[in-house]
Each structure stands twice: as structure tokens, then as C-alpha cells.
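Listed here are the chains, written in short residue letters.
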Amino acid sequence: KAVYSRSQESAKALALAAEAFPATAGVETYFDSPETPGRSLDALLARDDVSVVILSLPIPFQPSVIRRCWAAGKQVVSEKPVAADLAEATQLIKLYEISYQVVQLSFLRDHRVLKPFLSRANSCGSSQSSFLCVPELSGGMQQLMMLMPL
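Residues numbered from 1 in each chain as written. Predicted model: local features only at pLDDT ≥ 70, side-chain atom pairs only at ≥ 80, totals over all residues. Heavy atoms only, no water.

### Quick look at the nonpolar core
Okay, step 1: In this structure, Leu55, Ile66 and Trp70 are the most contacted members of the largest nonpolar core, which totals 20 residues.
Okay, step 2: Elements represented by at least two residues in this core include exactly helix 2 (41–45), strand 3 (52–55), helix 3 (62–71) and helix 4 (86–99).
Okay, step 3: Here this core takes four residues from helix 3, the largest share from any one element. (Core = buried A, V, L, I, M, F, W, Y, C linked by side-chain atoms within 4.5 Å. Buried < 20%, exposed > 50% of the residue type's maximum accessible area, 1.4 Å probe, protein only. Helix = DSSP H or I, 4+ residues; strand = E, 2+ residues; numbered from the N terminus.)

This is the structure we're talking about:
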């Protein structure tokens with residue numbers, strides 16, 4: 001059990017939140033800032049006991065992390081659109097088709113995948129809090145939500 005965040009502070013906050021649930025208590029933290037030997041994303045991806053990575057990063061960071069996960073042979077589940085725009089998303093899909101068909105890319109917006117995580121509503125209402133409500137963030141990716149077969 002492990003969590004990664006770009007900063008040590010947010011990784012520790014995630015681990016602390018996980019303590020509330022017995023199944024996720026005692027998670028190890030990984031982060032890239034500050035630089036700490038053995039605690040980076042690459043160190044986490046090198047673990048043999050990690051087979052699936054669930055991403056919940058800001059959209060601009062998703063593509064590079066997805067590529068790193070695939071290169072490490074990990075399955076990827078993305079909570080948000082895979083990229084900020086259709087061109088970059090298409091590049092990722094092509095990379096997947098050419099190089100990484102032994103791993104999987106799934107999207108949590110696909111209701112067949114990790115249904116419990118979908119309990120949060122992504123409605124645009126008056127708050128405009130959902131990333132899908134902001135064109136610059138969604139990149140039109142509502143149209144590209146899919147489940148890639150193994």
C-alpha cells in the first residue's frame with residue numbers, strides 16, 4: 001500500500017487520511033519534492049508489489065505520469081481526462097497501441113471501473129467546480145472516456 005504526491009506534505013496528508021480506513025492504514029508515502037532517495041515516483045513504480053496506479057493528478061501532469069507508469073509495466077486508472085487536449089490524448093492512445101498493449105488504461109468516468117470512486121457528482125451546476133465544466137481543463141475529453149481492453 002502506497003500513495004504518491006508531488007510534494008511530501010500532500011503525500012503525508014493522503015497517508016493520514018488513509019489511516020481512517022483499516023484496509024488502507026499504514027500506507028507508505030512517495031513524493032518528488034523534496035528530493036529524497038527511495039521516495040520518488042520512480043521508486044514507487046519500481047516496486048514489484050505495485051501493479052495498478054490510480055491517478056488523480058492535475059490534468060497537465062497526467063500524460064507524463066501515464067507514460068512513466070506504462071514504461072514500468074503498470075496498469076493505469078485515471079480519475080480525470082487523460083490529457084488537456086485531444087491531440088495529446090490521441091498521442092497517448094497511439095503510444096499505448098504501439099508499445100503497451102500488455103497494460104491497461106482505464107478511466108473512472110467509465111461506470112464499469114471502480115464504481116465506488118464515482119460517488120462524487122461531476123455536475124456543472126452553478127459552482128463550476130467540476131473539471132469537466134471548464135473547457136480548458138476538460139479538453140473535450142468527455143468524448144474520449146473509454147476502457148481500453150487488455
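### Considering the packing of aromatic side chains
Okay, step 1: Counted by the stated rule, this structure contains one aromatic pair.
Okay, step 2: Here the aromatic rings of Trp70 and Tyr96 are separated by 5.5 Å at their centres, their planes lie at 45°, and the arrangement is tilted. Taken together, the residues Trp70 in helix 3 and Tyr96 in helix 4 connect sequence positions 26 residues apart. The two residues Trp70 and Tyr96 agree in class, both being buried.
Okay, step 3: The ring of Phe61 is capped by Arg6, whose NZ or CZ atom sits 4.0 Å from the centre of that ring.
Okay, step 4: Stacked on the ring of Tyr30, the Lys or Arg Arg39 has its end atom at 4.5 Å from the ring centre. (Phe/Tyr/Trp six-rings, centres within 6.5 Å; stacked < 30°, edge-to-face > 60°. Lys NZ or Arg CZ within 6 Å of the ring centre and 35° of its normal.)

### Quick notes on the side chain of Ser78
Okay, step 1: In this fold, Ser78 is placed in strand 4 (residues 75–78).
Okay, step 2: Among the residues examined, Ser78 registers a relative accessible area of 0% and is labelled buried.
Okay, step 3: Among the polar contacts made by the side chain of Ser78, one reaches the side chain of Gln62 at a distance of 3.2 Å. (Polar contact = N/O pair within 3.5 Å; in protein donor to acceptor, adjacent residues only side chain to side chain.)

### A short note on the pattern of salt bridges
Okay, step 1: Following the criterion strictly, the structure yields four salt bridges and no others.
Okay, step 2: With its nearest N and O atoms 2.6 Å apart, the salt bridge here joins Arg47 to Asp49.
Okay, step 3: Members of the salt-bridge network, linked through shared partners, are Glu28, Arg39, Arg47 and Asp49. (Salt bridge = Lys/Arg side-chain N within 4 Å of Asp/Glu carboxyl O.)

### Focus on the pairing of strand 2 (residues 28–33)
Okay, step 1: Where strand 1 (residues 2–7) and strand 2 come together, five bridges link them in parallel fashion. What sits directly across from Tyr4, in strand 2, is Tyr30.
Okay, step 2: Regarding the hand of the β-α-β motif, the stretch spanning strand 1, helix 1 (residues 8–18) and strand 2 is right-handed. (Pairing = 2+ DSSP bridges. Right-handed = clockwise from strand over helix to strand, strands pointing away.)

### Describing helix 3
Okay, step 1: Turning to helix 3, its buried residues number three or more, namely Gln62, Pro63, Val65, Ile66, Cys69 and Trp70. The arc that holds every buried residue of helix 3, seen down its axis, measures 165°, which confines them to one face.
Okay, step 2: Positive phi appears at Gly73, one or two residues downstream of helix 3, with a value of about 80°. (Arc of directions from axis to C-beta.)

### Let's talk about unusual backbone geometry
Okay, step 1: Following Ser33, the chain continues to Pro34 via a peptide bond in cis, the omega torsion being 0°.
Okay, step 2: Looking at where Pro34 falls in the secondary structure, it is placed in the loop between strand 2 and helix 2.

### Focus: the environment of Glu35
Okay, step 1: Here Glu35 shows up in the loop between strand 2 and helix 2.
Okay, step 2: Sequence separation between Glu35 and Gln8 is 27 residues, and the spatial gap between their C-alpha atoms is 9.1 Å.

### Examining the environment of Ala25
Okay, step 1: Locating Ala25 in the fold gives a position in the loop between helix 1 and strand 2.
Okay, step 2: With relative accessibility at 25%, the residue Ala25 sits in the partly exposed group.
Okay, step 3: Sequence separation between Ala25 and Ala2 is 23 residues, and the spatial gap between their C-alpha atoms is 9.8 Å.
Okay, step 4: Non-local contacts of Ala25, meaning those with residues more than four positions away in its chain, are made with Lys1, Ala18 and Glu19. (Contact = heavy atoms within 4.5 Å.)

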